[in-house]
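# Overview (structure and organization)
So the chains spell out like this:
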Amino acid sequence: GAGVSQTPSNKVTEKGKYVELRCDPISGHTALYWYRQSLGQGPEFLIYFQGTGAADDSGLPNDRFFAVRPEGSVSTLKIQRTERGDSAVYLCASSFGLYNEQFFGPGTRLTVL
Amino acid sequence: KNEVEQSPQNLTAQEGEFITINCSYSVGISALHWLQQHPGGGIVSLFMLSSGKKKHGRLIATINIQEKHSSLHITASHPRDSAVYICAVSKGTNFGNEKLTFGTGTRLTIIP
C-alpha cells in the first residue's frame, strides 16, 4: 500500500517568504509527527498530532512555525518569514496509535536563500 | 551533553563481521527506537522496545533500563547494511512515540 508521502520534495525560497510543507500519512494512521533534520545531525522533534489536535508542539522552535491537521489526515507545516537557519530536511511520520512503529516519509528539503 | 549518545560515530567493517552499535541515554523513557537511514534520506523504523530484547532477521536490539543503555547488533553483515543507524528515545511517560529525542547516528560501512 501507499506509504507516507510529502510534497514538495524540494523547496527553494528566499529569506522572509512563507512556505507550506504537506504530509499525507498512511491511511488510517491516527498519529502524525513532524521532525527537522539538519545536515549531519539526527532528526529533531517538532510536533505531533493525535487525530486533529496537536498533542505536543513543544519542539516548534518559535512562533514562525505552525502546523495543522484539520481533518485528522493530511497535515501542513507552515513557516512564516523564513530564515536561512530554517534550511533543513523536514520529515513527516505516521503511526497507528502511539504504541506502534512510525513510518517515515521521504522528507522535504527546504533551502532558504 | 546530549540526552542520547551513540557510539561509535563511524564504523567500517568487512562483510560477514558481527556489528555492535551502542546507545546510552540520560533521561527517563517509555520506549527506545532504532532507525535506519539510507543515503538520500529515507528512514525506516527497525525496532521499538521498552525492555529486554527483540530480533528481526539478522538484527537484534537489546535494552537495559537500569543502565540506560541499548545495543543494536547485526550478524553476518552485508554491504547492503551500510547506512546510518539512529537511536531515539521517547521521553513521554505513557506511550512509545511521544516526543522522540534522537542521537546523531552511527554511520556503518560494510566492505565486500
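Residues numbered from 1 in each chain as written. Chains lettered and ligands numbered in written order. Predicted model: local features only at pLDDT ≥ 70, side-chain atom pairs only at ≥ 80, totals over all residues. Heavy atoms only, no water.

## Regarding the overall build of chain A
Heads up, the rule is: Here a helix means four or more residues in a row that DSSP labels H or I, a strand means two or more in a row labelled E, and each is numbered from the N terminus. To get the radius of gyration, use the C-alpha atoms; to get the globule rule, take the number of residues to the power 0.38 and multiply by 2.2 Å. Burial classification: accessible surface area is computed with a 1.4 Å probe over protein chains only, and a residue below 20% of its type maximum counts as buried, one above 50% as exposed, and the rest as partly exposed. Should any heavy atoms of two residues lie within 4.5 Å, those residues are counted as being in contact. With residues, only the protein chains shown are counted as cover, and all accessible areas are computed by Shrake-Rupley using a 1.4 Å probe. Under the counting rule used here, the positive set is Lys and Arg, the negative set is Asp and Glu, and His together with the chain ends is not counted. Charge positions come from single atoms, namely NZ of Lys, CZ of Arg, CG of Asp or CD of Glu.
Counting its regular elements, chain A contains zero helices and 11 strands. Ordering the α and β elements of chain A from the N terminus gives β-β-β-β-β-β-β-β-β-β-β. In terms of C-alpha radius of gyration, chain A reaches 13 Å, essentially the compact-globule figure of 13 Å for 113 residues. Every one of the 113 residues in chain A was classed for burial, and the buried ones make up 47%. Long-range contacts, defined here as pairs at least 24 residues apart, represent 54% of the contacts in chain A between residues at least 6 apart. In the form shown here, chain A has an accessible surface area of approximately 5500 Å², with 49% of it arising from carbon and sulfur atoms. Here chain A holds 11 positive side-chain charges and 11 negative ones, and the gap between their average locations is 8 Å.

## A few points about the pairing of strand S11 (residues 108-112) of chain A
All names here are of chain A. Put simply, the rule is: Paired strands are those between which DSSP finds at least two bridges.
Taking every second residue as pointing to the same face, the buried face of S11 carries Thr108, Leu110 and Val112, while none of Arg109 and Thr111 on the other face is buried. As paired strands, strand S2 (residues 10-13) and S11 are joined by four bridges and run parallel to one another. Paired with Lys11 across the two strands is Leu110, which belongs to S11. Two elements, strand S9 (residues 88-95) and S11, share three bridges in a ladder whose sense is antiparallel. Bridge pairing links Ala88 to Leu110 in S11.

## Describing the side chain of His33(B)
Within the fold, His33(B) resides in strand S4 (residues 31-37). Other than its neighbours up to four places away in sequence, His33(B) contacts Phe47(B), Met48(B), Ile86(B), Cys87(B), Ala88(B), Gly96(B), Asn97(B) and Leu100(B).

## Here's the deal with the layout of surface pockets
Our working definition: Two kinds of site are reported from a 1 Å grid over the protein atoms alone, namely cavities, where a 1.4 Å probe fits but cannot get out, and pockets, open sets with protein on both sides within 12 Å along at least five of seven lines, and residues are called lining when an atom falls within 4 Å of a point. Grid points are joined across faces, edges and corners, and a volume is the space filled by probe spheres set on the points. Note that Gly is not counted as nonpolar here; it falls among the polar residues with everything else outside the nonpolar set of Ala, Val, Leu, Ile, Met, Phe, Trp, Tyr, Cys and Pro and the charged set of Asp, Glu, Lys and Arg.
Considering only enclosed or pocket space, the largest pocket measures out at about 700 Å³ in volume. What lines the largest pocket is a set of 35 residues, among which Gln37(A), Leu39(A), Gly40(A), Gln37(B) and Arg107(B) lie closest to the centre. Contributions of two or more residues to the lining of the largest pocket are made by S9 and S11 of chain A together with strand S9 (83-90) and strand S11 (106-111) of chain B. Here the residues of the lining of the largest pocket sort into 11 nonpolar, 22 polar and two charged.

## Re the pattern of salt bridges
Using the following cut-off: By convention in these notes, a salt bridge is any Lys or Arg side-chain nitrogen within 4 Å of a carboxyl oxygen on Asp or Glu.
By the definition in use, this model includes six salt bridges over all chains. A salt bridge links Arg22(A) to Asp24(A); the shortest N-O distance between them is 2.7 Å. One salt bridge connects Glu3(B) with Lys91(B), and the closest N-O pair in it is separated by 2.9 Å. Placement of the pair is Glu3(B) in the segment before strand S1 (4-7) and Lys91(B) in the loop between S9 and strand S10 (100-102), with a sequence separation of 88 residues.

## Notes on the state of the cysteines
All names here are of chain A. Cut-off, in case you're wondering: The disulfide criterion is simple: two cysteine sulfur atoms within 2.5 Å.
Applying the stated rule across the entire model yields two disulfides over all chains. Covalently, Cys23 is tied to Cys92 through a disulfide, its sulfur atoms 1.8 Å apart. Between Cys23 and Cys92, the S-S torsion sits near -65°, and that sign places the bridge as left-handed. Separated by 69 residues along the polypeptide, Cys23 in strand S3 (residues 19-24) and Cys92 in strand S9 bring together distant segments of the chain. Each member of the pair Cys23 and Cys92 is classed as buried.

## Topic: unusual backbone geometry
Cis geometry marks the peptide bond from Thr7(A) to Pro8(A); its omega dihedral reads -10°. Relative to the helices and strands, Pro8(A) resides in the loop between strand S1 (5-7) and S2. With a phi close to 45°, Arg81(A) is a non-glycine residue in the positive phi region. Looking at the element boundaries, Arg81(A) is found in the loop between strand S8 (75-79) and S9. Residue Arg81(A) is classed as partly exposed on the basis of its relative accessible area of 47%. The phi torsion at Ala76(B) lies on the positive side, around 45°, for a residue other than glycine. Within the element layout of this structure, Ala76(B) appears in the loop between strand S8 (69-74) and S9.

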